[in-house]
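Descriptive structure summary
What follows is each chain in one-letter form.
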Amino acid sequence: MRAWKAITITAIGALLAACGPPQVQQNAPAEDESTGTLRVWLFDEASREPKQTTVDEAVARFEAEHQGVEVDVQYIPVDTRSQRFTGAFNDPASAPDVAEYGNTDVAGYVAAGGLLDLTDQIGQWPEGADLNESVLDTAKVDGKVYGVPWYTGIRALYYRTDVFAELGLQPPRTTAELVDTAQRIRQARPDLYGISVGGKYHYALMPFIWAAGGDLARREGDKWVSTVNEPAAREGVATYASLISGGACPREQCADMTGSQAVQAFASGKAAMTIGGDFNRAAVEAGEAKGKYAVVPLPGPTAGSIAPPFAGGNMLGVLKSSKRATLAKEFVQLLAGKEYQRKMYIAMGNLPTFSDVQQELAAGDPEVAPFVQSLQAGTRFVPTAEGWSKIDAQGVLPTMVQQVVNGQSVEQASDAAAAQMNEVFEGR
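Residues numbered from 1 in each chain as written. Predicted model: local features only at pLDDT ≥ 70, side-chain atom pairs only at ≥ 80, totals over all residues. Heavy atoms only, no water.

A few points about the sheet that holds strand 3 (residues 98–102)
What counts is decided by this rule: Pairing between two strands requires that DSSP report at least two bridges joining them. Segments assigned H or I by DSSP are reported as helices when at least four residues long, segments assigned E as strands when at least two residues long, and all are numbered from the N terminus. With axes taken as lines fitted to C-alpha atoms, and helix axes fitted only over the stretch in contact, angles between N-to-C directions fall between 0 and 180 degrees.
Spatially, the five strands line up as an open sheet ordered 2-1-3-12-6, and their pairing is mixed. On the outer flanks of this sheet lie strand 2 (69–76) and strand 6 (148–153), each paired with one strand and no other. The average angle at which neighbouring strand axes cross in this sheet is 20°, direction not considered. Bridging between strand 1 (residues 36–43) and strand 2 involves eight bridges; their strand directions are parallel.

This is how it looks when you write it as structure tokens:
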């Protein structure tokens, strides 16, 4: 039985803020066609073949089960997605029915009036009950669901087992132990970074803020207000910045380091620890660290606690302009369902978003277990504000860290960051 049949489509128009895509007032079409061409946009990959092979299998199955339907899949570059989606929202004739998008894009796309609300459909879909709750939250705006999480990305602590054995160290159990261990390694082995992190690695920064009890922003009525300058958040910023200003990751090399550069430093044998994702395992395996590392959850403030990781990832959703909304929902249900999430994991290593599938993978693959443990301990996400993409593009959080690393007080740097964030939240 197809759980997403016979769905009533509601029309919700929305005006865009100045920082978002051009204004659109988009209403759902009155028709819901059951045949014809179903257009799908998916992100292209550096190596597309594994993804395309899995998707092609799903397409063939869908077409066999839906006579008179052809699925046309186009692979679009990630770095031009903003322009492509803006065009689609303003010209429904050029828009896909189904699309892949990042979870940090959701709030802006919802503000553009471009995405269909799938809340009811998730509730009616038997597999929907097994979606990891914190990951599903990344698809929500104002409590409504605007996509099915297709895969998620979680970061944890990579460490060199040979270096730890040489120095008689154990994996750190708390945030304080992490800082101390990184400094001890740097002192004992000056040829290594104690930990490779970076001033431009804000996805590594965020868990320190959350673990300290802080947050990036909070909702007050109908607006967002930055909280990066509140005491708990400042504590997290100070702790993270100390990994660089304290010399565990030398300021000269690490103040401008990005996340990919931090992971590469570990993979190439230059660092004893790093904060990396499940999606970085292939890069680490291809480097000098191969066979000499292990992974544990990033520790929190107390022994046994886990610092909440950022829940990255992409989702599949339906555009509000789709003339084949029921078909589109059924295709999303197939491609984002458990069977094909398992296949995508085998093909690409993408971590599934269903709790029971995650547990299956963790039981069968010890190397993925720390990431699943981190995920199921509870993740966090950026504010679901339409202006967040602008804050991200402006590098507000990295600039704050770099200012602290270079000698500015945490109070001054966080106040400046909060003011800049609030300007965006207020549409200034």
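That was the structure; now back to the text.
Points about the nonpolar core
Our working rule: In these notes, a set of buried Ala, Val, Leu, Ile, Met, Phe, Trp, Tyr and Cys residues joined through side-chain atoms within 4.5 Å is what counts as a nonpolar core. Accessible area is worked out with a 1.4 Å probe on protein chains only. A residue is then buried under 20% of its type maximum, exposed over 50%, and partly exposed in between. Whether two residues are in contact is decided by their heavy atoms, any of which lying within 4.5 Å being enough.
By size, the foremost hydrophobic cluster in this structure holds 75 residues, and its most contacted members are I195, M206, L216, Y240, M273, I275 and W388. Looking at this core element by element, the count peaks at eight residues for helix 8 (residues 202–211). Beyond its immediate chain neighbours, meaning those up to four positions away, Y240 contacts V197, G198, Y201, A204, L205, F208 and V401.

So, the pairing of strand 8 (residues 217–220)
With four bridges joining them, strand 8 and strand 9 (residues 223–226) adopt antiparallel strand pairing. Within strand 9, the residue paired with R218 across the bridge is V225. Linking two consecutive strands that pair antiparallel, namely strand 8 and strand 9, is a turn of two residues; a positive phi of about 65° is found at G221 within it.

Overview of the packing of helix 7 (residues 175–188) against helix 9 (residues 231–245)
Spelled out, the test is: Each angle gets one of four labels, with under 35 degrees taken as roughly parallel, over 145 as roughly antiparallel, 65 to 115 as roughly perpendicular, and the rest as oblique.
Between helix 7 and helix 9, the shortest axis-to-axis distance is 10 Å and the interhelical angle comes to 10°. By the angle class used here, helix 7 and helix 9 are roughly parallel. Of helix 9, the residues touching helix 7 (which contributes T175, V179 and A182) are T239, S242 and L243.

Observations regarding the sheet that holds strand 11 (residues 293–296)
Sheet architecture is open: three strands sit in the order 10-7-11, paired in antiparallel fashion. The strands lining the two open edges of the sheet, one partner per strand, are strand 10 (273–277) and strand 11. Averaged over all neighbouring strand pairs, the angle between strand axes comes to 35°, with direction disregarded. Where strand 7 (residues 155–160) meets strand 11, four bridges bridge the pair, whose relative direction is antiparallel. Opposite Y159, over in strand 11, you have A294 as the bridge partner. The strands touched by helix 16 (residues 369–377) within the sheet are strand 7, strand 10 and strand 11, with strand 7 carrying the most contacts at an inclination of about 145°.

Structural notes on the side chain of S134
Rule in force here: Between N or O atoms, a polar contact is any pair within 3.5 Å; within protein, one atom must be a potential hydrogen donor and the other a potential acceptor, and residues adjacent in sequence are included only when both atoms are from side chains.
Note that S134 resides in helix 5 (residues 133–136). There is a polar contact of 2.7 Å between the side chain of S134 and the side chain of N132. Only 3.0 Å separates the side chain of S134 from the side chain of T379, close enough to count as a polar contact. The residues touching S134, leaving out its near neighbours within four places in the chain, are L375 and T379.

Overview of the pattern of salt bridges
We count it as follows: Note on definitions: salt bridges are taken to be side-chain nitrogens of Lys or Arg within 4 Å of carboxyl oxygens of Asp or Glu.
As enumerated under the stated definition, the model contains 25 salt bridges in all. Here D44 and R48 are joined by a salt bridge, their closest N and O atoms 2.9 Å apart. Judged by its relative accessible area of 26%, D44 falls in the partly exposed class. Overall, R48 belongs to the partly exposed group, its relative accessible area being 30%. E57 is paired through a salt bridge with K343; the nearest N and O atoms lie 3.2 Å apart. Separated by 286 residues along the polypeptide, E57 in helix 1 (residues 49–65) and K343 in helix 14 (residues 338–348) bring together distant segments of the chain. Residue classification places K343 among the partly exposed residues on the basis of a relative accessible area of 26%. Several salt bridges share partner residues, and in doing so they unite E45, K51 and E100 into one network.

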